[in-house]
Amino acid sequence: MTKICYLIGYPIEHSLSPVMHNTAFKELGIDFSYRAINVESHHLRSFIEETLRRPMVRGANVTIPHKVDVIKFLDEVDPLAKEIGAVNTIVNDEGVLRGFNTDGFGAFRALIEAYGSLKEMKVVLLGAGGATRAISYYLLKEVQSMVILNRTERKALELAKDLRKSLRGFKVEIYGSLLTKARLREELFDADVVINTTPVGMYPNVENTLICKNFLNKKMMVFDVIYNPFETRLILEAKDVGAKTLNGVNMFVYQGSEAFRLWTSRDAPIDIMTQVVIKALEEKG
Ligand code: ATR
């Protein structure tokens, strides 16, 4: 019997997850099928109870706007996903629904691969939404300091407070603050890594960036979680000043590869997944 994995979100038409996972299943000869399905918020509970628990369903990816709300419908939630407060992957183990978060894993793996160790580093995060939360919990065990700058100050302060509660002996300085030009200039002056987790610069608003070019320098690593376009204005300007850069493609593939492993207990064919994602993005133009 073919096992099904769903992607549930609203809207999900433009997601690259179906082509990425279906190519990976085919590559390894696994009898799985990945299907994206629009589920509006008021149907989330019924979809989970009536569809996700069926024996032929192995699990799901969860995307905007359900990553937080879905938690209350699950039977078990991985401790880290619980701390992050968001689930992007569900596994159906004989009717028992378990929730995980693979976004932070994806970002962390991509960063480490691109930059090596992050020990002793100062990281500046722009944004305080789901993506920042997921990434920041993974960074706790590595970095020396973390500054969270957000348009809505309250969310930056809340995340900083939550992270401090989860330190468990790690010595990391964590601050949250309102995202202003002056604060950015000050914090980026001695930052090792800056991560944009906001949608600013994403297609079609490709002219936008939160960081003035003259705040960037060649000693920095600039990570933009956006992958459409491949090179946001932020990434192009960072390259211009000689900084190391990383776009969101690898993070996307690695969050998917970890979900793949949770569903199939097999290592995902990462190279093929990366190729198919890049090809699909190029075709989109
Ligand atoms: P995700 O799950 O992708 O992180 P999210 O939870 O909606 O999505 O978070 C989006 C983040 O981008 C938020 O931190 C948001 O700031 P607010 O908390 O003030 O809403 C930030 N963001 C979105 N649009 C922005 C903009 N135009 N300028 C600055 N920050 C923006």
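For every chain, the first residue of its written sequence is number 1, and the numbers climb from 1 along that sequence. In keeping with the predicted nature of the model, local features appear solely for residues at pLDDT of at least 70, side-chain atom pairs appear and are counted solely at 80 or more, and the whole-chain, interface and lining totals rest on all residues. Hydrogens are left out, water is left out, and the side-chain values use all remaining heavy atoms of the structure.

1. Digging into the pairing of strand β3 (residues 57-62)
Summarising burial for β3: six of the six residues are buried, a large majority. Criterion used throughout: strands pair if DSSP finds at least two bridges between them. Each helix is a run of H or I in the DSSP string that is no shorter than four residues. Each strand is a run of E no shorter than two, and both are numbered from the N terminus. With five bridges joining them, strand β1 (residues 3-9) and β3 adopt parallel strand pairing. Looking across to β3, one finds that C5 is bridged to G59. Where β3 lies against strand β5 (residues 89-93), three bridges are found, and the strand directions are antiparallel. Counterpart to N61 in the pairing with β5 is T89. Accessibility here uses a 1.4 Å probe with only protein chains present; expressed as a share of the type maximum, an area under 20% marks a residue as buried, one over 50% as exposed, and anything in between as partly exposed.

2. Some details on the environment of P79
By the secondary structure assignment, P79 is in helix α3 (residues 79-84). Judged by its relative accessible area of 59%, P79 falls in the exposed class.

3. Some points on the sheet that holds strand β12 (residues 244-246)
Note on sheets: strands pair through backbone hydrogen bonds, and any given pair is parallel or antiparallel. Taken in spatial order, the six strands line up as β9-β8-β7-β10-β11-β12 in an open sheet, and their pairing is parallel. Only two strands of the sheet have a single neighbouring strand rather than two, namely β9 (173-178) and β12. On average, adjacent strands in this sheet sit at an angle of 15° to one another, irrespective of strand direction. In what follows, residue pairs with any heavy atoms lying within 4.5 Å of each other are defined as contacts. Note on definitions: angles span 0 to 180 degrees between N-to-C directions of axes, and those axes are lines fitted to C-alpha atoms, for helices only across the stretch in contact. Sheet strands in contact with helix α6 (residues 153-165) are β8 (145-150) and β9, and its direction is about 170° off that of β9. Helix α8 (residues 233-240) rests against β10 (193-196), β11 (221-224) and β12 of the sheet, and its axis sits at about 165° to β11.

4. A word on the environment of T2
With respect to the helices and strands, the residue T2 is situated in the segment before β1. When the C-alpha atoms of T2 and F32 are compared, they prove to be 5.4 Å apart, with 30 residues separating the residues in sequence. In this view, T2 contacts D31, F32, S33 and M56; residues no more than four positions away in its chain are not counted. Under the rule applied, a polar contact is a pair of N or O atoms within 3.5 Å (in protein, one hydrogen donor and one hydrogen acceptor; residues adjacent in sequence only if both atoms are side-chain atoms). Within polar-contact distance, the side chain of T2 engages the side chain of D31 at 3.1 Å.

5. Considering a nonpolar patch on the surface
A surface patch of nonpolar side chains, amounting to about 280 Å² of accessible area, comprises M202, Y203 and V206. Within the fold, Y203 resides in the loop between β10 and β11. In this structure Y203 comes out as exposed when scored by relative accessible area, which is 54%. Each patch is built from residues that are more than 30% exposed by relative accessible area and take part in no salt bridge. Like charges join if they lie within 9 Å; nonpolar side chains (Val, Leu, Ile, Met, Phe, Trp, Tyr) join within 5 Å. For accessible areas, the Shrake-Rupley method is used with a probe of radius 1.4 Å. Any residue's cover is judged against the shown protein chains and nothing else. In the sections that follow, a salt bridge refers to a side-chain nitrogen of Lys or Arg positioned within 4 Å of a carboxyl oxygen of Asp or Glu.

6. Some remarks on the site of the ligand
Whether a residue is near a molecule or strand depends on its heavy atoms: if one lies within 4 Å, it is near. Inspection of the region around the ligand gives 13 residues, with A128, A131, N150, T152 and K155 positioned closest. Here an oxygen atom of the ligand and a backbone polar atom of G130 are 3.0 Å apart. Within the side chain of R151, one N or O atom sits 2.9 Å away from an oxygen atom of the ligand. Within the complex, 69% of the 650 Å² of free accessible area of the ligand lies under protein.

7. Thoughts on the domain arrangement of the protein
Each domain of the protein was delimited in the assignment, giving domain 1 (3-101 + 250-284) and domain 2 (104-247). On a C-alpha basis, the centroid separation for the pair domain 1 and domain 2 is 25 Å. Facing 16 residues of domain 1, the contacting portion of domain 2 comprises 21 residues. Defined here as a combined quantity, buried area equals the accessible surface (1.4 Å probe) lost by two parts on assembly, summed across both. When domain 1 packs against domain 2, close to 1600 Å² is buried across both sides, 65% of that on carbon and sulfur atoms. The domain limits used here are those given by an automatic or database domain assignment.

8. A look at the sheet that holds β3
If you walk across this open sheet you meet the six strands as β2-β1-β3-β5-β6-β4, and the pairing is mixed. In this open sheet, the two strands that pair with only one neighbour each are β2 (32-38) and β4 (76-77). Along the sheet, helix α1 (residues 17-28) makes contact with β1, β2 and β3, crossing β2 at roughly 170°.

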